[in-house]
Amino acid sequence: MLQQILQEMYIDPELLAELSEEQKQVLFVKMREEQVRRWKESELKLENEDKKNPRKRKPGRKGFVKFLEGSDGHEWVWVMGDHPNDKNIDDILEEEAKTEALRKAELEMEKLRQQEEKELKVRLEQEQHDVELAKKKMEEDIRRKKEEAEMYQSIKEARIVAQRLEEEKKKEEQKRVENLRLRACKKCEDLQQVSDNINILSKAPHAVAKGRTDQSSSVQLKNSSFAQERRVSMEKVEKAKRRRSNELYVRWKEMRRQIEKSAEEESKEVEDNWHYREKQAKEAEKQMQTLAKRAREEHCNSLRLTSSVISAASAFSEGVKPPLPPKSGTKVSRKKRSLRPKNKDDVVKWFLEEEKPQGVGIDPTTKEVATWFHGVISRVDAELMLQSKTLGAFLVRVSERVWGYTISYRAEDRCKHFLIDTSEAGYQFFGANQVLHASLHELIEFHKNNPITVMGGEKLRHPVGQSKDPPDYHGLLQPKILESTSL
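First, a word on what this report is: a plain description of the structure on this page. Note that this is a predicted model, so its numbers are computed, not measured.

So, how was this worked out
Residues numbered from 1 in each chain as written. Predicted model: local features only at pLDDT ≥ 70, side-chain atom pairs only at ≥ 80, totals over all residues. Heavy atoms only, no water. Phe/Tyr/Trp six-rings, centres within 6.5 Å; stacked < 30°, edge-to-face > 60°. Helix = DSSP H or I, 4+ residues; strand = E, 2+ residues; numbered from the N terminus. Buried < 20%, exposed > 50% of the residue type's maximum accessible area, 1.4 Å probe, protein only. Core = buried A, V, L, I, M, F, W, Y, C linked by side-chain atoms within 4.5 Å. Contact = heavy atoms within 4.5 Å. Patch = residues over 30% accessible without salt bridge, like charges linked within 9 Å, V, L, I, M, F, W, Y side chains within 5 Å. Areas by Shrake-Rupley, 256 points an atom, 1.4 Å probe, with all protein chains shown as cover. Salt bridge = Lys/Arg side-chain N within 4 Å of Asp/Glu carboxyl O. Lys, Arg positive; Asp, Glu negative; His and termini not counted. Charge placed at Lys NZ, Arg CZ, Asp CG, Glu CD. Expected span 1.5 Å × (residues − 1). Arc of directions from axis to C-beta. Polar contact = N/O pair within 3.5 Å; in protein donor to acceptor, adjacent residues only side chain to side chain. Pairing = 2+ DSSP bridges. Right-handed = clockwise from strand over helix to strand, strands pointing away.

### Considering the packing of aromatic side chains
Here's step 1: According to the stated counting rule, one finds eight aromatic pairs in the structure shown.
Here's step 2: Aromatic pair Phe-373 and Tyr-473: ring centres 6.2 Å apart, planes at 50°, arrangement tilted. With Phe-373 in strand 1 (residues 373-374) and Tyr-473 in the loop between strand 6 (462-463) and helix 10 (474-477), this residue pair connects regions lying 100 residues apart in the sequence.
Here's step 3: Exposure remark for Phe-373: the relative accessible area of 0% places this residue in the buried category.
Here's step 4: Among the residues examined, Tyr-473 registers a relative accessible area of 12% and is labelled buried.
Here's step 5: A network of ring pairs unites the aromatic residues Trp-350, Trp-403, Tyr-405 and Tyr-427 as a single cluster.

In structure tokens:
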């Protein structure tokens, strides 16, 4: 299956979802190696073609790049930082930080200046409004006092007419003159007082003019005070800008120091992790060497067995019958199939034709169905069965995505799924450089003592059996009962 995927350079998303993280990493590494291999072949092919048929540049062709050559005859290259006058990265970063801090401080001070100008403008408009109100009030007072003065002037004229009438009647009414004179004197006194008031009022326009002069001088004083306040505000903004720029620069220095400190800590942590991974890789390599040694020994045993079979065959040809070998599971030739089954019925047909005759799912010691064996169940159903189980619980289910099986394993924080590929040679986990086993039962027994992956340390400890009746493998291992009716 891996060779077919590498040949097509495509894997179905549903099949990819069935793989564990380790198997996905192996698959991606192999696909990348295949891509690099194909690219190298293509580059080598192009180089050979260029050597056989070199391409000539057309004369007068535009867009041709010609590099400047140095004294050594090669392309001239300038590396930033090699020249004595070049600035190092720390100086460049510090200058950029100062420039950025100054720019931010200028923006903040510009906003502060605009806000203060807005407030001063509002104050000036309020003061102008107050001056206008005071001016209107003063004009209203002047108008009212003028009307009162005109009224008193008419009273004065009436007094003169009365005096003339008194002179005409003076001869006729001698007795009444004295009384009239007394009353007229009294009125004269009242009118004199009114006249004094009128004189005072006549001087009022001069006072109004003087008040206007004082008002204009006060406006000038206010304008000068406004200009002075604005100068003080600008000086304050400039000081605040410098202070803010220094604060931003100091904050940047502190942030950079913290970043460098955290980078050093992360670098140390990465280095420790790398040493730990290197140690694990060495252990894994050692284990792979052990497995390779075991495979070589099995190969030698296979060669010895082959030689014994050949000698037995030669003896049989001479007329001597060799002893019969012990019975084992029937080997069934596997058909060439597509990369993945179309539906569940294809999986059941494949199992009944190829896997069941070899005794897959049957414990060879008890001749019963193995506890860990399950039928064609989904990934979700398997996780539900393992959800309440302890660490190391597992089950083997017939995969509905590929021609093979899946081990569902209960880890510490989640459930893991490992895809088992089937072939003519035997059973192995999906990927390259995997240990090949003659049967599925042998693979399960092997990983009860040996972890599936070195990093995870998954050992198959507690098999999980059936929770339903009839069991989920009923359609695979149990014979079907055919109903018949007698006529």
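### With respect to the nonpolar core
Here's step 1: By size, the foremost hydrophobic cluster in this structure holds 28 residues, and its most contacted members are Phe-351, Phe-373, Val-398, Tyr-405 and Ile-407.
Here's step 2: For this core, the secondary-structure elements that each account for two or more residues are helix 7 (344-355), strand 2 (393-398), strand 3 (404-410), strand 4 (415-422), strand 5 (427-429), helix 9 (440-446) and helix 10.
Here's step 3: Discounting chain neighbours no more than four positions away, the residues touching Val-398 are Val-347, Trp-350, Phe-351, Phe-373, His-374, Gly-375, Val-376, Ile-377, Gly-404, Tyr-405 and Leu-476.
Here's step 4: Core analysis: the second largest hydrophobic core is formed by 11 residues, Leu-2, Ile-5, Leu-19 and Leu-419 among them.

### Concerning a negative patch on the surface
Here's step 1: A contiguous patch of negative charge, built from Glu-264, Glu-265, Glu-266, Glu-269, Glu-271 and Asp-272, is present on the exposed surface.
Here's step 2: A residue is classified by how much of its surface remains accessible, and Glu-265, at 48% relative accessible area, is partly exposed.

### Structural notes on a nonpolar patch on the surface
Here's step 1: A cluster of nonpolar residues, Leu-68, Trp-76, Trp-78 and Met-80, forms a patch on the protein surface that exposes about 540 Å² of accessible area.
Here's step 2: Tracing the backbone shows Trp-76 in the loop between helix 3 (21-52) and helix 4 (89-168).
Here's step 3: When its relative accessible area of 52% is taken as the criterion, Trp-76 is described as exposed.

### Description of helix 7
Here's step 1: Between the first and last C-alpha of helix 7 there are 15 Å, a value that for 12 residues agrees with the 16 Å anticipated at 1.5 Å per step.
Here's step 2: Those residues of helix 7 not exposed but buried are Val-347, Trp-350, Phe-351, Glu-354 and Glu-355. Down the axis of helix 7, the sector holding all buried residues measures 100°, keeping them to one side. Exposed side chains of helix 7 directed beyond 90 degrees from the buried face belong to Asp-345 and Lys-349.

### Quick look at the environment of Arg-244
Here's step 1: Within the element layout of this structure, Arg-244 appears in helix 6 (residues 204-317).
Here's step 2: As a C-alpha pair, Arg-244 and Glu-106 span 138 residues in sequence and 8.7 Å in three-dimensional space.
Here's step 3: Look past the residues within four positions of Arg-244 in its chain and what remains in contact with it is Ala-105, Glu-108, Met-109 and Arg-251.
Here's step 4: A polar atom in the side chain of Arg-244 sits 2.5 Å from the side chain of Glu-108.

### What about the pairing of strand 2?
Every other side chain in a regular strand lies on the same face of the sheet, so the side chains alternate between the two faces.
Here's step 1: Along strand 2, six of the six residues are buried, which leaves the element largely enclosed by surrounding structure.
Here's step 2: Neither face of strand 2 is exposed, since Ala-393, Leu-395 and Arg-397 on one face and Phe-394, Val-396 and Val-398 on the opposite face are all buried.
Here's step 3: Alignment of strand 1 against strand 2, held across two bridges, turns out to be parallel. Each bridged residue has a counterpart across the sheet, and for His-374 the counterpart in strand 2 is Arg-397.
Here's step 4: Taken together, strand 1, helix 8 (residues 379-386) and strand 2 form a β-α-β motif whose crossover is right-handed.
Here's step 5: Sheet topology note: the strand 2/strand 6 ladder contains two bridges and is parallel. Counted as the bridge partner of Phe-394 is Pro-463 from strand 6.

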